[in-house]
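Okay, here's what each chain looks like letter by letter:
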Amino acid sequence: MKELLTIDDFIYKTLNDLLFNAVPEFKTVFELNNSNYNFSGGVYLLMNEYASFLANEIEPAGVAVSKAFAFINQL
């Protein structure tokens, strides 16, 4: 079980860095919404937050949307 948590933590940190660099607007919103919560090891929670962010951005079609989809295509 410890090995799986280590792998999950590695994936979270790697994805986190890539995502925040690709879509800095999400990083700002994510940090404001989760300043009191430690997401380390929370890959699914991070991606859920990202999906919620995208849903809110798609309606007004902000610049973050094109960056977000560029990131998804990169994956």
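The coordinates are above.
*Asks:* In this structure, what is going on with helix H4 (residues 63–74)? I would like to understand it.
*Replies:* Given 3.6 residues per turn, any residue in an α-helix points the same way as the ones three and four places further on. Here H4 spans 17 Å end to end across 12 residues, near enough to the 16 Å set by a 1.5 Å rise per residue. Buried residues of H4: Ala64, Val65, Ala68 and Phe71, and no others. On an axial view of H4, the arc spanned by its buried residues comes to 125°, and they lie on one face. For H4, the exposed residues lying more than 90 degrees away from the buried face are Val63, Asn73 and Gln74. At its buried positions, H4 is contacted by helix H1 (2–22), helix H2 (24–33) and helix H3 (43–58).

*Asks:* Before we go on, may I ask you to explain the pattern of salt bridges in this structure?
*Replies:* One pass over the structure, following the stated rule, counts two salt bridges. Among the ionic pairs, Asp9 bridges to Lys13, the shortest N-O distance being 3.0 Å. Of this pair, Asp9 and Lys13 both sit in helix H1, separated by four residues, roughly a single helical turn. Overall, the relative accessible area of 19% leaves Asp9 in the buried class. Lys13 sits in the partly exposed class, given a relative accessible area of 45%. Ionic pairing is found between Glu25 and Lys67, a salt bridge with its closest N-O pair at 2.9 Å.

The rules we used
Residues numbered from 1 in each chain as written. Predicted model: local features only at pLDDT ≥ 70, side-chain atom pairs only at ≥ 80, totals over all residues. Heavy atoms only, no water. Helix = DSSP H or I, 4+ residues; strand = E, 2+ residues; numbered from the N terminus. Expected span 1.5 Å × (residues − 1). Buried < 20%, exposed > 50% of the residue type's maximum accessible area, 1.4 Å probe, protein only. Arc of directions from axis to C-beta. Contact = heavy atoms within 4.5 Å. Salt bridge = Lys/Arg side-chain N within 4 Å of Asp/Glu carboxyl O.

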